[in-house]
Amino acid sequence: MGAGSRMAAAWGRLLRGPLTAAPGRACSTGAPVRAPSAAAQELQSSGRGRFLLEHAAPFSAFLTDSFGRQHNYLRISLTEKCNLRCQYCMPEEGVQLTPKSQLLTTQEVITLARLFVKEGVDKIRLTGGEPLIRPDVVDIVGQLYKLEGLKTIGVTTNGINLTRMLPRLKEAGLNAINISLDTLVPAKFEFIVRRKGFHKVMEGIHKATELGYRPVKVNCVVMRGFNEDELLDFVDFTKDLPLDVRFIEYMPFDGNKWNFKKMVSYKEMLDTIKQRWPELVKLPCETSSTAKSYKVPHFQGQISFITSMSEHFCGSCNRLRITADGNLKVCLFGNSEVSLRDHLRSGASEEELIQIIGAAVGRKKKQHAGMFNISQMKNRPMILIEPALMSFPLRQDTLQNPSNSEQWGHMFSRWLTLRASLPEQMGKALIKKKLTGPLFLPGSHPEQRWPTNPGILQTLLRSFHVFQKDPSSTFDTKCLEAFPVGQVSVSKEGGPGSEFCTRDSESCTKVPRASDNLTHTDEEGRAAMVDVGGKPDSRRSAVAGAVVRLGEKAFGMVRQNQVKKGDVLAVAQIAGIQGAKLTSQLIPLCHNISLNHVEVSLSLDEARFAVVIRSSCQTWGRTGVEMEALTAASLAALTVYDMCKAVTQDIVIEEVKLLSKTGGQRGDFLRV
């Protein structure tokens, strides 16, 4: 279709806003259509808005494609750089950043924005990388606000710098915010992004609501095996805050190792949520909306689903994208790009640029190739296009198969070098209550805590299940020191075995005597692994402990969470859990055991200026888990030592010992 034909076919812009359907017609999501939009109603109440409405012009043919879609929404990437180092953001081989000289300058950004607005774009969203690390972002927002015809200026951010910058951005004219947040568990957050910052993101969300942004959109990419268990907690997040939590289907981009099995579809998410809130109500939408929106009655906020994969919305797509290096992308999933930067710098006139843009828009396809085909297409890494939709490449087999030694070893080594802490407010307060009682992680101040609700608290207390073999396991309300186990006495040796008796039950169990020979050596004294093939499967568990004496100074810093390397207790806990899973790699003759559950808790002993560690392991198998429990306690103790050694060298690790075990031919054991 030529330019003239497209002009004849183009609809007039109604209220300079998104297209609205005829009365009674439903939008692409099946819900009633709003006409006019809420944004248009707001415009009518202001002088600037009335001016824009009065001067509305017919929509440009150059931004109308051959299928009649009018593109009034432009996303501009301001930078390829980011202040986080997300594992899910960049390909494993890294991303080669474009030289600064090849990125769009501030004036070039404004020139292109002005051109698009003149042709009918009325919404611009600034993206990255992380747009808020660009030094002139406030100036760019201010200059965009001066463009006649532009009614919405938004930003998509990771939220790290939002609290500090939002007042100035709002004053400059920013009126829409999207914040990326894929988990409500601080440990998950810091493990993935390799930086501190969960509390900054939460502060940014609350700051946005305080400054009157309605709604504050929170983008959450959902991936099976990582965060799909947090769906209900994210919905709870909207109970007392004016948020729009947007659940985004996991999408393929270059380097993120997309796998269909990792994708949680919109319908599956919706079914999960409706089981908890059957009264969930579907909300009306605009024709060009990419989101299917719902609301729990009486909740301040709402939730939405971005169904890019299972139910694409290509038919109503109104979006164009300009990358940081000045390339125009007419489809997020397409690999076709046109360099506007090169034409701009070669002196192309405004009319020539419009023709180039119109030609690119005219070539836009009816829809993307579908989830299975686009996963094979070559496209930019997500960090260079749209970080709000970036998806996690943590492999499903890595998350669910601890026996994969290479993957777990790599993950474990990253944890041991992680220089991050859980948030200094929320994380401390929650773990303090959950793990070991009132002395755990003291020093949080009530006035610094954010308003939240029980649903989110449950997620935060779930003991970082992503690092456990059994995702359904939780710490619940049990502590390791609260075992309902009676004291055990051991009888004197006599005959072929010994008796283990519990004093509270008067029951005794005959168990075989300990062998007089070492079990891990052969007849010639050489090291050998024990053959457990003939043993029956049984439930096995073990608890081990360790104590790390820090001295008064280091103890005080740990207690107040002032150690520069981060939250000592949180990192040590994760190191212990990972250590248990890697025992067979660290202890040569140990069998590779599939653990059903691992718990590690750390508490503070003020009398001894010490950290007391308890580890617990469980399995169903043919050999015990004593070594796994001991390894967990030892690794946690070594991590405490490593993180505190800069404060003092006078640190003593002691009392590394097995506290109890159950199962196996030799019976149960409890140290008294």
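In this text, all values refer to a predicted model and were calculated from it rather than measured experimentally.

Side note on the pairing of strand E4 (residues 176-180)
Then comes step 1: Summarising burial for E4: five of the five residues are buried, a large majority.
Then comes step 2: Side chains Ala176, Asn178 and Ser180 project from E4 onto one buried face, and the interleaved Ile177 and Ile179 project onto a second face that is buried too.
Then comes step 3: As defined by bridge partners, strand E3 (residues 152-157) adjoins E4 across four bridges and the pair is classed as parallel. Counterpart to Thr156 in the pairing with E4 is Asn178.
Then comes step 4: Considered for its hand, the β-α-β crossover made up of E3, helix H6 (residues 162-172) and E4 is right-handed.
Then comes step 5: Examined bridge by bridge, E4 and strand E5 (residues 216-222) share three bridges and lie parallel to one another. Its bridge partner lying in E5, Ser180 is registered against Asn219.

A look at the environment of Phe59
Then comes step 1: Summarising the element assignment, Phe59 is placed in the loop between helix H3 (47-54) and strand E1 (73-77).
Then comes step 2: Distance from Phe59 to His71, taken between C-alpha atoms, is 9.2 Å for residues 12 residues apart in sequence.

Concerning the sheet that holds strand E9 (residues 302-306)
Then comes step 1: The strand order across the open sheet formed by 12 strands is E7-E8-E9-E6-E5-E4-E3-E2-E1-E10-E11-E12, and the pairing between neighbours is mixed. With one partner strand each, in any of the chains shown, strand E7 (281-282) and strand E12 (338-339) form the two edges of the open sheet.
Then comes step 2: Across the sheet, helix H10 (residues 266-276) is in contact with E5, strand E6 (243-249), E7, strand E8 (291-295) and E9; its angle to E9 comes to roughly 155 degrees.

Looking at the packing of helix H5 (residues 137-145) against H6
Then comes step 1: Between H5 and H6, the shortest axis-to-axis distance is 8 Å and the interhelical angle comes to 20 degrees. When the axis of H5 is compared with that of H6, the two are roughly parallel. For the crossing formed where H5 meets H6, the hand is right-handed. Here Val137, Val138, Val141, Gly142 and Tyr145 of H5 lie close against H6, whose contacting residues are Met165, Arg168, Leu169 and Ala172.
Then comes step 2: Its residues placed into classes, the contact of H5 with H6 shows seven nonpolar, one polar and one charged.

With respect to the sheet that holds strand E18 (residues 610-621)
Then comes step 1: Pairing in this open sheet of five strands is antiparallel, and the strands run E17-E18-E16-E19-E20 from one edge to the other. If you trace the sheet from one side to the other, it starts and ends with strand E17 (597-605) and strand E20 (669-670), each paired once.
Then comes step 2: In the sheet, strand E19 (residues 652-662) pairs with E20 via two bridges, with the strands oriented antiparallel. Each residue of the ladder has a partner; that of Ser660, found in E20, is Leu670.
Then comes step 3: Set on the sheet, helix H19 (residues 568-581) makes contact with E17 and E18; between it and E17 the angle comes to about 145 degrees.

Focus: helix H4 (residues 106-118)
Then comes step 1: Taking 1.5 Å of rise per residue, 13 residues should cover 18 Å, and H4 covers 18 Å from first to last C-alpha, within 8% of that figure.
Then comes step 2: Of the positions making up H4, those classed as buried are Thr106, Glu108, Val109, Ile110, Leu112, Ala113, Leu115, Phe116 and Val117.
Then comes step 3: Gly120 lies just past H4 and shows a positive phi near 130 degrees.

Quick look at the pattern of salt bridges
Then comes step 1: Here the structure, examined in full by the defined rule, presents 18 salt bridges.
Then comes step 2: Salt-bridge contacts for Asp65 lead to Arg69; the nearest nitrogen and oxygen are separated by 2.6 Å. Summarising the burial analysis for this pair, Asp65 and Arg69 share the class buried.
Then comes step 3: The salt bridge partner of Arg224 is Glu268, with a shortest N-O separation of 2.8 Å. Note that Arg224 is positioned in the loop between E5 and helix H9 (231-237) and Glu268 in helix H10, a separation of 44 residues in sequence.
Then comes step 4: Accessibility expressed as a relative area gives 23% for Arg224, which makes it partly exposed.
Then comes step 5: Among the ionic contacts, a cluster of salt bridges with common partners joins Asp605, Arg608, Glu655 and Lys657.

With respect to the nonpolar core
Burial of nonpolar side chains together is a common tendency in soluble globular proteins.
Then comes step 1: Judged by nonpolar contacts, the single largest core of 97 residues is most densely connected at Phe116, Ile124, Leu144, Leu181 and Phe247.
Then comes step 2: Top element by residues in this core is H4. It accounts for seven residues.
Then comes step 3: Apart from residues no more than four positions distant in its own chain, Leu181 is found in contact with Phe189, Phe198, Val201, Met202, Ile205, Val218, Asn219, Cys220, Phe234 and Phe237.
Then comes step 4: Ranked by size, the runner-up nonpolar core spans 37 residues in total, among them Val548, Leu550, Val563 and Val640.

Cut-off values and rules
- Residues numbered from 1 in each chain as written.
- Predicted model: local features only at pLDDT ≥ 70, side-chain atom pairs only at ≥ 80, totals over all residues.
- Heavy atoms only, no water.
- Buried < 20%, exposed > 50% of the residue type's maximum accessible area, 1.4 Å probe, protein only.
- Helix = DSSP H or I, 4+ residues; strand = E, 2+ residues; numbered from the N terminus.
- Pairing = 2+ DSSP bridges.
- Right-handed = clockwise from strand over helix to strand, strands pointing away.
- Contact = heavy atoms within 4.5 Å.
- Axes fitted to C-alpha atoms, helices over the stretch in contact; angles between N-to-C directions.
- Parallel < 35°, antiparallel > 145°, perpendicular 65-115°, else oblique.
- Left-handed = near helix turned anticlockwise from the far one by under 90°.
- Nonpolar A, V, L, I, M, F, W, Y, C, P; charged D, E, K, R; others polar.
- Expected span 1.5 Å × (residues − 1).
- Salt bridge = Lys/Arg side-chain N within 4 Å of Asp/Glu carboxyl O.
- Core = buried A, V, L, I, M, F, W, Y, C linked by side-chain atoms within 4.5 Å.

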